[in-house]
Amino acid sequence: MAKIAINIATGTLQQEEMIVGIDLGTTNSLVAIIHPESKKPVALKEHNSNSLVPSVIHFGQHDITVGNEAKQYLVSDAANTVFSAKRLMGKTYNDVKNNSTLLAYKIIDDENKLVKVQVGDIFYSPVELSSFILKELKKQAEHILKTPVGKAVITVPAYFNDAQRQATRDAGKLAGLDVLRIINEPTAASLAYGFGLNQGEQKTIAVYDLGGGTFDISILNINGGIFEVLSTNGDTYLGGDDLDAAIVDYWLAQNTFAGDESTHRQGLRLKAEEAKKYLSANGLFKTVYAGKHISLSRQQFEALIKPIIERTITSCKNALKDAGLKKNDIDEIVMVGGSTRVPLVKEMVSSFFEKKPNDTVDPDEVVALGAAIQADILAGNTTNMLLLDVTPLSLGLETMGGLMDVLLPRNSKIPAKAARQYTTYKDGQSGMKIAVYQGERDMVKDNRRLAEFNLTGIPGMPAGMPKVEISFLINADGILAVNAKELRSGVEQSIEVKPQYGLTDEDVEKMLLDSMEHAKEDMELRGLTEAKTEAEQLLQTTEKFMHKNFENLTQDEITATSLAMQALQLSLDMNDKNLVQTKTEALNEISRPYAERIMDLAIGKAMKGSKI
């Protein structure tokens, strides 16, 4: 094992420092704080306005707008208006392709790469899109509070994986926020619920969180101010958006509208949101769309959404099983998310748990309120709760292009463990350099190197075949152990490295300030580096494929591919991320049809004379 001694800071802040709690939602987002006088969590809002900010971004000719102003363009300028960006966080095209028809904006079709959204000639990652929402929340909070806001606790679904959590953290950094903690939404909701409980009170609660794009169920034990998560289950692609989509599909099946169906989906989706809210208190929804009278009864609506809600009940069963509990062990069910206002949702949850859900907390605000409480704890204002030590700076590895791949983000509670799999870049590669870095910048050259060693003896295999798992483990003493193992062969490498000097508080502060100051250029450089790395791999793969299958290609295909490869090669010297991605997509479009054709030929040849 490679052991690296690291100084662990407490992670607490000065008492007077303002930290906000942010619920970055699929449909709506909001900011909350602990009120300085009442000492209670409150959602920020302008005078006589709503605390909710629609998570919608509109790209105009001269400016980018977020929130209610952007929402008005969902139908009139659908191609340039992005919604539900949270559902794309940390996802590949393959993850979302079945639902891509529900989106009016363009998602780049590359199955094995992280999703990109194309607006005009510009390519945006979900991280960049989410950062626009967070910037707007930051701006509004500063306007209401009349003070700068630079630090935040941001909530994510409990079922978000490492890539999605890191994407959320990156979005915060790009928005100019120092993200002190990523907290699970159900845990945040339980903090808000438990805020008024007596210190000696003990309860086991289930937090049922049906948001716009995700669903979580978490079972927690609250005892004397300590919140322990017993189990979590859910689905990061199940939410209110799916209820809306079911209504839209029903209306499209019942009516024929002239023109493009994708355009009508946007208009009908907004009508579906209205219907969902209206039918919570009424029996029949009627409206006019595109000159046609459309309607939906409460009975029809419930028949459409029942299969979706049943999927959430399955998750509830699994969460109870994982916690080793029975239904009667649950003292309270806390409902979170706007979709839990739907009567059928309440009925089915009540029927499953055999008790009425607790609806004393606002389902739209409860997560942000919990994030504000967590922020107050980190600020040191709440002293009657035990805080574990945290890592002062992110820990990660150097990947292709000199990028920093974070395995343990800063402020990770210790003990902490993280692992990720990597592979080789070239055929027959027998070794891999493992370089461990500490810092907040996107390029390793701007961070502090802690250790470096080589994993050797990897058996010769084609590029992409070896699976090398790198694991980080920080124990309760703050010692970091790094291990590298090739899983197919069992080859493992271990060394011991002890840096001579730890980091002072001034060093940590300077690294954090540098990461904030250079966040925009770091993100741009990371985007360019990733685009160029992807382009170089595509050029190598295409050249190898053409050489191997030359006799199966037409002259037109060879000429078109060669020209596209030349254009992509030239774009690499231009240092323009969008140009590189455009030329990459152009080469993909040309090569995809004949690659599929030749693959079919190879399969047909291999299967010839065989019986299935």
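Everything numeric in this text was worked out from a predicted model, so none of it was measured. (Residues numbered from 1 in each chain as written. Predicted model: local features only at pLDDT ≥ 70, side-chain atom pairs only at ≥ 80, totals over all residues. Heavy atoms only, no water.)

Brief notes about the overall build of the protein chain
Part 1 of the argument: In terms of regular secondary structure, the protein chain is built from 15 helices and 27 strands.
Part 2 of the argument: Within the protein chain, counting contacts between residues at least 6 apart in sequence, those at least 24 apart form 67% of the total.
Part 3 of the argument: Summed over all atoms, the accessible surface of the protein chain reaches about 28,800 Å², with 49% contributed by carbon and sulfur. (Helix = DSSP H or I, 4+ residues; strand = E, 2+ residues; numbered from the N terminus. Contact = heavy atoms within 4.5 Å. Areas by Shrake-Rupley, 256 points an atom, 1.4 Å probe, with all protein chains shown as cover.)

A look at helix 8 (residues 261–278)
Each α-helix winds once per 3.6 residues, and so residues spaced three or four apart point in a common direction.
Part 1 of the argument: The end-to-end C-alpha separation of helix 8 is 25 Å, in line with the 26 Å expected for 18 residues at 1.5 Å each.
Part 2 of the argument: Buried residues of helix 8: His 264, Arg 265, Gln 266, Gly 267, Leu 268, Arg 269, Lys 271, Ala 272, Glu 273, Ala 275 and Lys 276, and no others. (Expected span 1.5 Å × (residues − 1). Buried < 20%, exposed > 50% of the residue type's maximum accessible area, 1.4 Å probe, protein only.)

Structural notes on the packing of helix 9 (residues 298–323) against helix 10 (residues 343–353)
Part 1 of the argument: Where helix 9 contacts helix 10, the axes come no closer than 9 Å and their chain directions differ by 35 degrees. Helix 10 is crossed by helix 9, and the crossing has right-handed handedness. The segment helix 9 lies against helix 10, with Arg 298, Glu 302, Ile 305, Lys 306, Ile 309, Glu 310, Ile 313, Cys 316, Lys 317 and Leu 320 engaging Pro 343, Leu 344, Val 345, Met 348, Val 349, Phe 352 and Phe 353.
Part 2 of the argument: A per-class count over the contact of helix 9 with helix 10 returns 12 nonpolar, no polar and 5 charged. (Axes fitted to C-alpha atoms, helices over the stretch in contact; angles between N-to-C directions. Left-handed = near helix turned anticlockwise from the far one by under 90°. Nonpolar A, V, L, I, M, F, W, Y, C, P; charged D, E, K, R; others polar.)

So, the packing of aromatic side chains
Part 1 of the argument: Applying the stated criterion across every chain yields a total of 10 aromatic pairs.
Part 2 of the argument: In this structure, Arg 269 packs its charged tip against the face of Phe 83, placed 3.8 Å from the ring centre.
Part 3 of the argument: One cation-aromatic arrangement involves Lys 292 over Phe 257; the distance from NZ or CZ to the ring centre is 5.7 Å. (Phe/Tyr/Trp six-rings, centres within 6.5 Å; stacked < 30°, edge-to-face > 60°. Lys NZ or Arg CZ within 6 Å of the ring centre and 35° of its normal.)

A short note on the environment of Ser 430
Part 1 of the argument: By the element assignment, Ser 430 lies in the loop between strand 22 (416–422) and strand 23 (431–438).
Part 2 of the argument: On the accessibility criterion, Ser 430 (45% relative accessible area) is partly exposed.
Part 3 of the argument: A sequence separation of 27 residues divides Ser 430 from Gly 457, and the C-alpha atoms of the two residues are 5.6 Å apart.
Part 4 of the argument: Other than its neighbours up to four places away in sequence, Ser 430 contacts Leu 455, Thr 456, Gly 457 and Ile 458.

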